[in-house]
Amino acid sequence: MSDRTLKLTDQRSGKTIDLPLVKGTLGPPGIGVGHIYRELGAFSYDPGFLSTASCQSNITYIDGEQGILLYRGYPIEQLAAQSTFIEVAYLLLYGELPTAAQLEDFRRLILHHTMINETLKRFFTGFYHDAHPMAVMVGVVGSLSAFYHDSTDIANPKHREISAHRLIAKVPTIAAGCYKLNMGEPMMYPQNHLSYCGNFLHMMFAVPCEDYEVDPLAERALDILFMLHADHEQNASTATVRQAGSSGADPFACIAAGIASLWGPAHGGANEAVLKMLEEIGDVRAIPRYIARAKDRDDPYRLMGFGHRVYKNYDPRARIIRSICHEVLESRGGSDPLFELALRLEEIALNDEYFIERKLYPNVDFYSGIIYRALGVPVNMFTVMFAIARTVGWVAHWLEMMADPDQKIGRPRQIYTGPAQRDYVPLEKRTASD
Ligand code: CMC
């Protein structure tokens with residue numbers, strides 16, 4: 001809390017109340033409005049939460065104007081260059097970088113929880129063979145509480161921690177299972193000697209009849225992508241996880257709710273939408289036509305992978321991903337016409353007055369699909385890849401919220417715009433206008 005306050009005056013009654021400023025370590029303060037309904041009989045109104053902080057959190061900081069992203073204070077660029085996804089997971093969960101011994105224990109713990117109950121595997125066969133993998137993810141992750149209810153006493157911090165570890169460990173196994181379902185191939189068991197990402201690549205691409213060797217470049221590229229996607233403070237899916245968890249819901253159900261929210265094309269579904277958009281554009285000569293559509297107010301068309309609620313500058317994650325694209329494609333012996341197209345699209349958009357004025361830059365989803373494609377991941381799995389990485393962030397936020405003694409159920413209010421009170425009209429007396 002800061003000692004500065006703002007004053008809010010109701011001009012009709014003349015009543016003035018003080019609004020306390022809630023200060024964090026970085027970024028703008030929040031205006032405490034929790035008491036305004038009691039004092040003034042009015043709600044705050046902010047659809048889409050454009051100016052509303054929904055909680056206090058010490059996990060991730062974004063400065064959207066400067067294009068800065070920090071996990072527990074560490075810049076994303078430093079983490080991407082020097083850390084690993086498993087270390088970042090530890091950092092997000094526990095708040096500090098681990099010692100070598102802590103990291104080894106954590107790595108071993110996660111890798112030894114990657115198997116899923118054999119009965120759970122039967123769930124996959126209940127889905128249609130060409131089901132979208134995100135649909136399967138929502139269902140199977142939601143069902144985990146039916147298998148792991150020995151650790152769902154949310155009042156018990158140890159139970160919460162076990163559920164967190166299980167989620168981080170098992171989500172990649174379930175994700176690979178979604179892919180195998182689509183492919184009609186048997187699910188592969190995890191291999192504990194592999195790294196988190198190496199193991200995921202193995203579960204995706206190995207088949208029982210052949211040896212499979214993890215490509216170190218693919219493993220590292222995936223590890224970096226997972227670090228970049230691991231958390232992003234109160235985005236739609238994280239806010240969904242917190243909202244679901246605020247009622248005391250089971251952690252597996254909360255993460256399934258987060259996966260459902262992530263699926264939308266305005267959020268994590270954008271990486272899939274970007275690839276489809278690039279394929280549809282097809283040729284650099286067609287770019288101006290699509291830019292014109294994106295600018296046309298009468299056309300709902302948007303450039304996918306462009307724009308962000310918080311970043312009004314280049315998304316720092318997109319910059320890192322763009323440079324990994326070059327590396328991965330070079331190692332694969334050349335370029336990808338869709339990458340060339342994406343680079344040109346970015347260049348044209350960033351020089352266009354419409355995009356400059358609105359501060360629309362490429363976001364994390366603009367280039368990630370190009371790498372996934374180069375690694376052999378099919379387009380319908382892109383958002384699933386995002387979900388694997390973001391599970392860490394969801395779980396970290398859920399743990400933070402559950403440990404907060406002041407945590408309350410998230411129950412927003414509304415401005416009612418329906419009919420005023422009226423009397424029920426019996427059926428025989430109703431006319432079309434009633
Ligand atoms: N293409 C064309 N115009 C755009 C775009 C775009 N991609 N994004 C925003 N605008 C325009 C929008 O039409 C509006 O113009 P005007 O002021 O003339 O009405 C202005 O920019 C502000 O847009 P907004 O919809 O009010 O902004 P928002 O903060 O509510 O939406 C967004 C943010 C990410 C949903 C939006 O930029 C968008 O739909 N982008 C495309 C989808 C996408 O790439 N999503 C991934 C987001 S990052 C990863 C993640 O969250 O998972």
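Residues numbered from 1 in each chain as written. Predicted model: local features only at pLDDT ≥ 70, side-chain atom pairs only at ≥ 80, totals over all residues. Heavy atoms only, no water.

1. Examining the overall build of the protein chain
Next up, step 1: For the protein chain, the count of helices and strands is 18 helices and 6 strands.
Next up, step 2: A globule of 434 residues ought to have a C-alpha radius of gyration of about 22 Å, and the protein chain, at 24 Å, matches this closely.
Next up, step 3: Each of the 434 residues in the protein chain was classed as buried or not, and the buried ones make up 46%.
Next up, step 4: Total accessible area on the protein chain stands at roughly 22,100 Å², and carbon and sulfur atoms take up 53% of it.
Next up, step 5: Taking the 42 positively charged and 51 negatively charged side chains of the protein chain as two groups, their mean positions are separated by 6 Å. (Helix = DSSP H or I, 4+ residues; strand = E, 2+ residues; numbered from the N terminus. Rg over C-alpha atoms; globule rule 2.2 N^0.38 Å. Buried < 20%, exposed > 50% of the residue type's maximum accessible area, 1.4 Å probe, protein only. Areas by Shrake-Rupley, 256 points an atom, 1.4 Å probe, with all protein chains shown as cover. Lys, Arg positive; Asp, Glu negative; His and termini not counted. Charge placed at Lys NZ, Arg CZ, Asp CG, Glu CD.)

2. Some thoughts on the pattern of salt bridges
Next up, step 1: For the coordinates displayed, the defined rule picks out 22 salt bridges.
Next up, step 2: Ionic contacts of the salt-bridge type, sharing partners, join the residues Glu 104, Arg 107 and Arg 108 into one network. (Salt bridge = Lys/Arg side-chain N within 4 Å of Asp/Glu carboxyl O.)

3. Section: the pairing of strand β1 (residues 5-9)
Next up, step 1: Across 5 bridges, the pairing between β1 and strand β2 (residues 16-22) is antiparallel. Bridge pairing in β2 links Lys 7 to Asp 18.
Next up, step 2: Between β1 and β2, which pair antiparallel in sequence order, lie 6 residues; one of them, Gly 14, sits at a positive phi of approximately 80°. (Pairing = 2+ DSSP bridges.)

4. A word on the nonpolar core
Next up, step 1: Core analysis: the largest hydrophobic core is formed by 120 residues, its most contacted members being Met 137, Val 141, Phe 226, Leu 278 and Leu 303.
Next up, step 2: The leading source of residues in this core is helix α18 (residues 382-402), at 15 residues.
Next up, step 3: Discounting residues that sit within four places of it in the chain, Met 137 has contacts with Gly 142, Val 171, Ile 174, Ala 175, Cys 178, Ile 259, Val 384 and Ala 387. (Core = buried A, V, L, I, M, F, W, Y, C linked by side-chain atoms within 4.5 Å. Contact = heavy atoms within 4.5 Å.)

5. Remarks on the packing of aromatic side chains
Next up, step 1: All told, the structure shown has 18 aromatic pairs when counted by the stated rule.
Next up, step 2: A centroid spacing of 6.3 Å and a plane angle of 45° characterise the contact between Tyr 148 and Phe 252, whose relative ring orientation is tilted. Note that Tyr 148 is positioned in the loop between α6 (133-143) and α7 (157-183) and Phe 252 in helix α11 (residues 251-262), a separation of 104 residues in sequence. Of the two residues, Tyr 148 and Phe 252, both sit in the buried class.
Next up, step 3: Between Phe 200 and Phe 226, the ring centres sit 6.3 Å apart and the planes meet at 55°, which makes this aromatic pair tilted. Here Phe 200 is found in helix α8 (residues 196-205), whereas its partner Phe 226 is found in helix α9 (residues 216-229), with 26 residues between them in sequence.
Next up, step 4: On the accessibility criterion, Phe 200 (1% relative accessible area) is buried.
Next up, step 5: On the basis of relative accessible area, Phe 226 is assigned to the buried category, the value being 0%.
Next up, step 6: Aromatic ring contacts, followed pair by pair, group Phe 306, Phe 339, Tyr 354, Phe 355, Phe 366 and Tyr 367 into a single cluster.
Next up, step 7: Lying across the ring of Tyr 314, Arg 319 places its NZ or CZ 4.6 Å from the centre.
Next up, step 8: The ring of Tyr 37 carries the charged tip of Arg 413 above its face, separated from the ring centre by 5.5 Å. (Phe/Tyr/Trp six-rings, centres within 6.5 Å; stacked < 30°, edge-to-face > 60°. Lys NZ or Arg CZ within 6 Å of the ring centre and 35° of its normal.)

6. A word on the sheet that holds strand β4 (residues 60-63)
Next up, step 1: Taken in spatial order, the 3 strands line up as β4-β5-β6 in an open sheet, and their pairing is antiparallel. What marks the edges here is a single partner per strand, and that holds for β4 and β6 (74-75).
Next up, step 2: Summarising the sheet, β4 and strand β5 (residues 68-71) pair through 4 bridges and their orientation is antiparallel. Along β5, the bridge assignment pairs Asp 63 with Ile 68.

7. Structural notes on the site of the ligand
Next up, step 1: The full set close to the ligand counts 22 residues, and His 267, Arg 297, Leu 303, Gly 305 and Arg 309 are the nearest of them.
Next up, step 2: Between the ligand and Leu 303 there is a distance of 2.6 Å, counted from a nitrogen atom to a backbone nitrogen or oxygen.
Next up, step 3: Burial of the ligand by the protein amounts to 75% of the accessible area it has alone, namely 940 Å².
Next up, step 4: Taken together, the residues of the shell around the ligand break down into 11 nonpolar, 6 polar and 5 charged. (Near = heavy atom within 4 Å. Polar contact = N/O pair within 3.5 Å; in protein donor to acceptor, adjacent residues only side chain to side chain. Nonpolar A, V, L, I, M, F, W, Y, C, P; charged D, E, K, R; others polar.)

8. Some details on unusual backbone geometry
Next up, step 1: Notably, Arg 72 is not glycine yet its phi reads approximately 50°, a positive angle.
Next up, step 2: Relative to the helices and strands, Arg 72 resides in the loop between β5 and β6.
Next up, step 3: Arg 72 gets classed as buried once you look at its relative accessible area, which sits at 18%.
Next up, step 4: Look at Lys 359: it is not a glycine, yet its phi comes out positive at around 55°.
Next up, step 5: Mapped onto the elements, Lys 359 comes out in the loop between α16 (353-357) and α17 (364-374).
Next up, step 6: Taking the relative accessible area as the measure of exposure, Lys 359 reaches 37% and is therefore partly exposed.

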